[in-house]
Each structure stands twice: as C-alpha cells, then as structure tokens.
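Here is what each chain is made of, one letter per residue.
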Amino acid sequence: MRELLTGNAAIARGAFESGVTVAAGYPGTPSTEILENFSRYDGIYAEWAPNEKVALEVGIGAAMAGARALVTMKHVGVNVAADPLLTAAYTGVNGGLVIVSADDPGMHSSQNEQDNRNYARFARIPMLEPSDSAEARDMVGLALDISEEFDIPVMIRITTRVAHSQGFVDLKEPAPRPLKEYRKDIRKWLMVPAFGRLRRVALGERIERVAAYSENAGVNIVIPGDPKVGVITGGVSYHYVREVLPGASVLKLGLTYPLPAGVIRKFAAGVDRLIVVEELDPYLEDFIRGLGLPVTGKELFPDTGEFSPGVIRRGFIAAGLIPEEEARPVRQFDDMPAVPARPPVLCAGCPHRGVFYTLRRLKLVVTGDIGCYTLGGLAPLEGMDSCVCMGASIGMAHGIDRAAPGLRGRTVAVIGDSTFLHSGITGLLDVVYNNGDTTVIIVDNGTTAMTGHQDHPATGRTLMGRKAPAVDLEGLVRSLGVARVRTVDPLDLAGLEEAVREEVAAPGPSVIIARRPCVLISRQAGPPVTVDRETCTGCKTCLKLSCPAISVTDKTCSVDPVSCTGCGLCVQVCKFGALAAAEGGGNGA
Amino acid sequence: MGEFREPLNVIVTGVGGQGNVLASQVLAAAAVEAGYRVSIGETFGASQRGGSVMSHVRISRDRTYGPLIPRGRAHLIVGFEPLETLRILMDYGNPETVVVMNDRPNYPIGCLLGEEKYPDPHLIVEAVNRLAAKNHVLPATELAKEAGNSMAANMVMTGALSGSGLLPFGGDRFTGVIETLFSGEVRDLNMRAFQKGTEAVQAAGTAR
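For clarity, every value in this text was computed on a predicted model and none was experimentally measured.

Scoring rules and cut-offs
- Residues numbered from 1 in each chain as written.
- Chains lettered and ligands numbered in written order.
- Predicted model: local features only at pLDDT ≥ 70, side-chain atom pairs only at ≥ 80, totals over all residues.
- Heavy atoms only, no water.
- Helix = DSSP H or I, 4+ residues; strand = E, 2+ residues; numbered from the N terminus.
- Rg over C-alpha atoms; globule rule 2.2 N^0.38 Å.
- Contact = heavy atoms within 4.5 Å.
- Areas by Shrake-Rupley, 256 points an atom, 1.4 Å probe, with all protein chains shown as cover.
- Core = buried A, V, L, I, M, F, W, Y, C linked by side-chain atoms within 4.5 Å.
- Buried < 20%, exposed > 50% of the residue type's maximum accessible area, 1.4 Å probe, protein only.
- Domains from an automatic or database assignment.
- Buried area = accessible area lost by both parts, 1.4 Å probe.
- Salt bridge = Lys/Arg side-chain N within 4 Å of Asp/Glu carboxyl O.
- Polar contact = N/O pair within 3.5 Å; in protein donor to acceptor, adjacent residues only side chain to side chain.
- Nonpolar A, V, L, I, M, F, W, Y, C, P; charged D, E, K, R; others polar.
- Phe/Tyr/Trp six-rings, centres within 6.5 Å; stacked < 30°, edge-to-face > 60°.
- Lys NZ or Arg CZ within 6 Å of the ring centre and 35° of its normal.
- 1 Å grid on protein atoms, 1.4 Å probe; cavity = no way out; pocket = protein on both sides within 12 Å on 5 of 7 lines; lining within 4 Å.
- Points joined across faces, edges and corners; volume = space filled by probe spheres on them.
- pLDDT = per-residue confidence, 0-100.
- Pairing = 2+ DSSP bridges.
- Axes fitted to C-alpha atoms, helices over the stretch in contact; angles between N-to-C directions.

(A) Region of the structure containing the overall build of chain B. Along the backbone of chain B there are eight helices and six strands. Starting at the N terminus, the α and β elements of chain B follow one another as β-α-β-β-β-α-β-α-α-β-α-α-α-α. Radius of gyration (C-alpha) of chain B: 16 Å, near the 17 Å computed for a compact globule of 208 residues. With the C-alpha coordinates of chain B rotated into their principal frame, the extents come out at 50 × 40 × 40 Å. Across chain B, contacts joining residues at least 24 apart in sequence account for 65% of those joining residues at least 6 apart. About 7,700 Å² of surface is accessible on chain B, with carbon and sulfur atoms providing 49% of the total.

Listed below in structure tokens is the structure:
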C-alpha cells in the first residue's frame, strides 16, 4: 500500500517495519511527530522522557538488553543527550540503536541552527541523511542493520524540510525481530578508564569498517549527467539541485559519516568542476578539500539559513552555470500596498499573558526559557529579558543575583511546567543549595504546548495514553528545599502582582506556580468581552496585553467576538471600566 | 482545466490556526485518490501561534518533486486571508497565477497596536487582480458561519479551489476524502462548508 507520509511519520513507519520495540524522546520541533506516530502502532513501547539525555539512556538500555531502539530529539536536544551519546559510541550496541537528530536550518522554531552532522564526526558514529519521506522510511531499517552489523549507534539526521514535508511511501509488512540475548560483558559496557581505552581503540576499528562499507553503500548514489559540472549534495538540497540544474552530474550522499573518500575521488575525476551544495556548515566541503580536491561550496551558497530552490538558483547563477535571465524575478509594482509582517503571538485567552504583563509593569529583570511563553518577550508585552536554552532561566537568574547587587531582588526566572521538569529542577536545586534568593515563576499550563500539547510527568498521562502518577509541582519544589511556595491564578492580575511583589522582596528562594490550563486544550471560551464605546477613552492600555482579539479603531477599543475567549484580563487592566465581561465570562475577574 | 502542467504548484496560505495544514492535507489526499503523485512542504512550529503559514502542494504525474515551490512558480494560490494572499503572490506568483482568496482580514499584532497599517482590503483585492491572471474572491468566513461554524472556512476555501475548475480532478475526489477523514457532526459541517465554497466560486464564475 502506498501512503502519503511526512518524513517524521515515515521514520516511525520505518521503525515499526524494522522491528523497533522501544522508542523514547522529548518533544521538540521538528522531531515531535516521530514518536507520536510510532506510539500508535501495536506491539511496541514508546515514551516521552523528561529530557533527551534520559531518552537516550532508555534507548541505550533497550539496545543493551537486545531490542531494536529508536530515540528522537531536535538538534539542540542532542546537546542535552551528548553525554551518553559520546560514550555509547564506545560501548556499541546489542540490539540496533538509532538516534534521530532533527535539525532546524533557518530556525523556524529554535534558538539556534547548529549543524548536527558535526556530532556524528565528533562521536564517531555513522550518520544517514534522507532527502524525502521514502528515503526516511528506508534509512531507519538500514541504520538498524548498520548499527547491529558494526556494533555502533547510528544517527539519522533530518532537517525541518524533510521532517515536515510529505511524500509517497510504499508500506511494507513489519518484520518482527526476536529479542537478542543479553550477556554480561563489562569490558564492553562498563566504561571505566581501563575498559574505555580498549573500547576507544575498538571504536576506531569499527568506524574504519563502516568507512569501507560506505564506499559501496547503496545510499551514496551517482546520477550521471553533463561532465562539465559535478554537484555533491545530500538531504533535501538534492531535490532542489535536481530541479534547478537538471542536467548536472550529481553525487547524492546518503551515508554522510564516515564519508566515502573513494567514491568522492572517482566522481571528482569524472567532472570538470566540483561544487558542493549543503545547508549550514561546510561539512562535506571541508572533507572534500581535505582530500586535496579543488571544490567550491560556501563561496556560492550561504552557511546560514534554510535553502530553497531560489537560494540554489542564485548560487548557480553566481557560478555562471545558469544565465541571469533565467532567474525570473517576480514581477512587482511600485505602488503595491505595503505588507506588514505577521509575527506569531500568544493566543487570545493564553494564561501566560497576564504573567508577562505584570512582570513588565513591575519593571523586573526576567530570565526566560523555552516554550510558547517565550513570545511574552516580544513587543508590546516585552516581559522577558533572555532566552538561551531549556532550563537556563533559573541558573541565569541566580547568576545575575550573585553578580549584580543592584539587580538583586529585582530578578525573576520564568519557566514552563514541561521545561521545568526537563532541566529546571537542577537549576532550582542550585539556588537552594547555594543560599540563593531567586524567585522562580513556573507557568504551569498543564502541557507541552509549543510542540503541540504533549504529555509530561505532571500531566497524569503517558504518550501511549495510559494513566500515570502526576508530579505534584508544589511538593516537588518544597522537597528541594524551597520554603516559600505559592500557587496563583494567572488570570487574577491583582493576586498575581501581590504574589510577585512579595516573593521578589522576600529573602531566600521562592517559587510561584501560575497555574491555568492552555486555552487551546481547555477550550473554556466564555462569552466575549464587550466594550462600552461611550466610556472608552482610547487610552490603549489594553493593547499592552498584546491580545490578538483587541484593537483600537476610530479611537475606541474593540474586541473581536470570534477570537475573544472572555478571559477577562483586559477588563482588569481597563482603568475606566469600559470593558465588561459578559454574564458568566471573565474567568479571572 | 486544459493541459496539465507538471508539476502543478499550489500554495495554501493563511494565518496559524486557520486550518491551512488540514486543507492542504485534503487537497493532497484528493490528488492521490485521482492517481497523482504529490509532495507537500509545510511550515509548522512557532508560526502556528498566529504567524504567517503556508503549505506547498506539488501535484505531478510521473516523478516526485522537492517539497518547496520555487519563487515565481506557483500556478495556484489559495489564500485564507487577504494580506497573506498578497504576501505570497508577490513572492511566488507570476502573471499566469490564479488566486482563490477569502475576503476576511485577520490583523497582525502590529496593525492591532496601530503601529502599522493594514492596507484597505479593496486595495489588496485590486493588487491581487493586477498581479494574477484571475482572482476568485469569496466571503469564506461568512459562508462557513452559514454552514455552521466560522472555523470551517478552510473547507469553504477547499470547496472553492475544487469548484474553480483549476485542478485536473473533480469535487467528488474531495468529498470522498472528507467522508473518510471526518465523522459525525464535523464531517457534515465540513461537507456543507465544502459545497458552499464550490457553489460560491461557480456562481461568481458564471456571472463574469
């Protein structure tokens, strides 16, 4: 049967067909849907781990026990999982182990665009790069075979465009694998220095063998063409190259660590001019140049941002391979209306909104974190000063507190519930242990909202839909040693402000849990707020909430009854009583 | 439509939350039902929270194409929102591009705040008329309300796309997909919305 699948769904399908029985990950765009899809198959186990490091450890354990295992994460998640990853390369596997790194060139939904191909070389683990859904499905099976054949974890590196694009996949029947026998072998699995040294040597030998395999790997393909130009490429860029320069000779690399030096030399020898087309770092280019081959790459194509057919076209024009006029610039008129940008914004009724409004009003320094709520840092809310990585808010607030006496008592950390459980707990422990005074606000909307509402250890449900013990956040932070813990409703602005004022002023660590379910999940839309146009002065105070339902037209405020959820925040900020929650509306008012 | 241009490049665009991913799914599934190959490129992630979103759907007979439509190469643009329609048309359109657009504006935050000006909707339609070969404008949100829920505007637009006669397959392919994808009240709502979109575009077409 042939189905249209996203790259992510295709990876899940490949894992199912190839006998993966254990899968773990942490949600992160663009990787999230791999596990969501995989969890729906029969006879498998899949879980959301609290973070990527734990997910990989679950995968390593499953592989050690003899199962085929899949671990998924976004590119920055690999940083979190890097510790077990680099040593898992030493131990190798028993059952096959595949780690999917979903990179995000162009930073559609990420804080950086690191090129995780470097991780494969850094860890010395084989890496496969599919260019579409069909290849993504096939490469999971291949990765598992390589993993078992060469006793090594394998990385499948995809990008947003592969993860979220859809193409045809011919489905195969699943081929179940018997669990391999587990044998105790401390020289392989107990990485103390004496054994680690031996496994490091063995790793070198194993990767040499993969390099030899790479020379004949069916996923490194030459598409013969005009010998004047030879293009070396991989991933989704391959499709753009084929479309923009259809006649060229192409070497499409699917196994990109270890790279097939012999294949590359032979390809280079058959063409007059060698060009590398790769998104982000000059990863292939550096290797090819290291072989002593003349090659052009980043002189023509940018080393930042996502590629598109247009970017490739401009590069080939610069290389003199396509005449300028073929660029077909889009027709424009001088008198077209200006088209304002449309940045993302917190949803109408979002429970995070009031927190950032309040923090801005109180002129606090706010270290932020990763989630929908990072949007609270953008104008006009501007209730956040920083966002670095998952969990960074708490350690950074403590650092500010220790460094700058003038900012002490004026700094708060804001972190979501899922992010707190991912990597905020240790930050808070640091504050408590080192007698810090930091105030932490956990904005608890009861889900991992940004990535599409995944469960986590405090939601009471697992990825596979089973009931689970829900972490008691208040109890958890108390157990870490935080004495001042209080819970507020973020739609009650007066109560929220009072709590923040008191906790920021109080000595010692404090935690405020601002709890209210994500409006997209609760769907608790009350009747919309109404405006008394006689009373409204057009002062625009309500606009500071950055609510997509409120605008000011004809000098008075208006509320869009379709998008307004009746949360009542604007009713609370209006100094003139011009905004009114309808009967039964105004959740927090 | 007459000759089939390979690949047929369709862009579905709108504002995060308007359901354009679902509309592109339905379009792609209908094309598959009709025996075509399809590749789809989506934007989702942070932009889902009220940002600009678009889906690229490429329909072909013989070979599969990459997921992104090159700039200037869209044959059809389905715009769920006027400003987004113009934005995408300016980037991806050419003088032969045909547009199907919803007339209901959704204001970006900068316009709500009064820092930027949302162009007069008539000027947007006029600009689209000038840039595109043909422009079908319809009150999709109003029609969706008539069908039962304004959220079904995406299916009104899908119906309009089908009714425009610009695709190499008919509305029965779409209704078949809607039958299988949804059930109960949601299916009925989507079906009504789809029919309203088809009728609206066909009525306007005969009037011209």
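(B) Inspection of the nonpolar core at higher detail. Residues and elements named next belong to chain A. Counting residues in hydrophobic clusters, the biggest one holds 110 residues, and the most contacted among them are Ile232 and Phe316. With seven residues, helix H6 (residues 133-150) is the largest single contributor of residues to this core. Two domains each donate at least three residues to this core, and these are domain 1 (2-213) and domain 2 (221-326). Each residue touching Phe316, except ones within four places of it in the same chain, is listed here: Val231, Val244, Leu245, Ile275, Val277, Phe301, Leu321 and Ile322. Core analysis: the next-biggest nonpolar cluster, separate from the first, contains 71 residues, Cys347, Phe356, Val440 and Val511 among them.

(C) The arrangement of the interface of chain A and chain B in detail. In this assembly, 55 residues from chain A lie in contact with 57 residues from chain B. Of the roughly 4,800 Å² buried where chain A meets chain B, counting both sides, 58% is carbon and sulfur surface. Of the charged contacts, one joins Arg104 of chain B and Asp560 of chain A as a salt bridge, the two residues approaching to 3.8 Å between their closest N and O atoms. Our enumeration of links across chain A and chain B arrives at 13 residue pairs in polar contact (both at pLDDT 80 or more). Sorting the residues of the side of chain A that touches chain B by element identifies strand S1 (2-6), helix H7 (160-164), strand S8 (166-170), helix H10 (237-244), helix H13 (309-318) and strand S20 (550-553) of chain A as the ones contributing at least two each. By residue class, the composition of the side of chain A that touches chain B is 30 nonpolar, 13 polar and twelve charged.

(D) Expanded view of the packing of aromatic side chains. Scanning all chains against the criterion turns up ten aromatic pairs over all chains. Ring plane angle 5° and centroid distance 4.2 Å describe the contact between Phe16 of chain A and Tyr41 of chain A, whose orientation is recorded as stacked. With Phe16 of chain A in helix H1 (residues 7-17) and Tyr41 of chain A in the loop between helix H2 (33-38) and strand S3 (45-48), this residue pair connects regions lying 25 residues apart in the sequence. Judged by its relative accessible area of 17%, Phe16 of chain A falls in the buried class. Considering the side-chain rings of Phe174 of chain B and Phe194 of chain B, the 5.5 Å spacing of their centres and the 35° angle between planes classify their relative orientation as tilted. Of this pair, Phe174 of chain B sits in helix H7 (residues 171-181) while Phe194 of chain B sits in helix H8 (residues 184-207), and the two are 20 residues apart along the sequence. Taken as a pair, Phe174 of chain B and Phe194 of chain B share a single burial class, namely buried. Three or more aromatic residues link up through ring pairs in this structure, and these residues are Tyr36, Phe169, Phe174 and Phe194 of chain B. Directly above the aromatic system of Phe168 of chain A lies the positively charged group of Arg2 of chain A, at a separation of 5.2 Å from the ring centroid. Here the basic side chain of Arg63 of chain B rests over the ring of Tyr65 of chain B, its NZ or CZ set 4.3 Å away from the ring centre.

(E) Geometry of empty space enclosed by the protein. All names here are of chain A. Evaluation of the coordinates by the stated rule reveals nine cavities of 30 Å³ or more. In this model, the largest cavity occupies a volume close to 120 Å³. Lining the largest cavity are 17 residues, with Glu129, Arg157, Gly234, Gly235 and Val236 sitting closest to its centre. Counting residues per element, the lining of the largest cavity draws most heavily on strand S7 (residues 154-159), which supplies three residues. Its residues placed into classes, the lining of the largest cavity shows six nonpolar, six polar and five charged. The residues that make up the lining of the largest cavity include at least three from each of domain 1 (2-213) and domain 2 (221-326).

(F) Spatial organisation of the domain arrangement of chain A. Entries for chain A in the domain assignment read domain 1 (2-213), domain 2 (221-326), domain 3 (353-522) and domain 4 (530-580). The straight-line distance from the C-alpha centre of domain 2 of chain A to that of domain 3 of chain A is 46 Å.

(G) Geometry of the confidence of the model for chain A. Residue-level pLDDT values for chain A average 95, and 97% of them are 70 or greater. Note that residues 585-589 of chain A has pLDDT below 50 and, in this model, 16 contacts with residues that lie over four places away or in other chains.

(H) Local environment of unusual backbone geometry. Residues and elements named next belong to chain A. Residues Tyr257 and Pro258 are joined by a peptide bond in cis, for which omega reads -10°. Note the cis peptide between Ala379 and Pro380, where omega equals 5°. With a phi angle near 55°, Asp151 is a residue other than glycine that sits in the positive phi range. The residue Lys540 is not glycine, and still its phi comes out positive at about 70°. Mapped onto the elements of the fold, Lys540 is located in the loop between strand S19 (530-531) and S20. Its relative accessible area of 39% is what places Lys540 among the partly exposed residues.

(I) Fine view of the layout of surface pockets. Residue and element names in this part refer to chain A. Taken as a whole, the second largest pocket spans an internal volume of roughly 680 Å³. Elements supplying a minimum of two residues to the lining of the second largest pocket: helix H4 (75-91) and helix H16 (417-433). Of the residues forming the lining of the second largest pocket, the biggest block, five residues, is contributed by H16. The class makeup of the residues in the lining of the second largest pocket is 15 nonpolar, 20 polar and three charged. When residues are assigned to domains, the lining of the second largest pocket turns out to be shared by domain 1 (2-213) and domain 3 (353-522), each giving three or more.

(J) Here's a closer look at the sheet that holds strand S10 (residues 226-233) of chain A. Residues and elements named next belong to chain A. Taken in spatial order, the four strands make up an open sheet running S9-S11-S10-S13, and their pairing is mixed. Strands with a single pairing partner mark the edges of an open sheet, and in this sheet they are strand S9 (221-223) and strand S13 (273-277). Sheet twist, expressed as the mean angle between neighbouring strand axes with direction ignored, is 20°. With three bridges joining them, S9 and strand S11 (residues 248-252) adopt antiparallel strand pairing. Following the sheet pairing, Val222 is matched in S11 by Leu251. Its contacts with the sheet put helix H12 (residues 283-290) on S10 and S13, and the angle it makes with S13 is roughly 150°.

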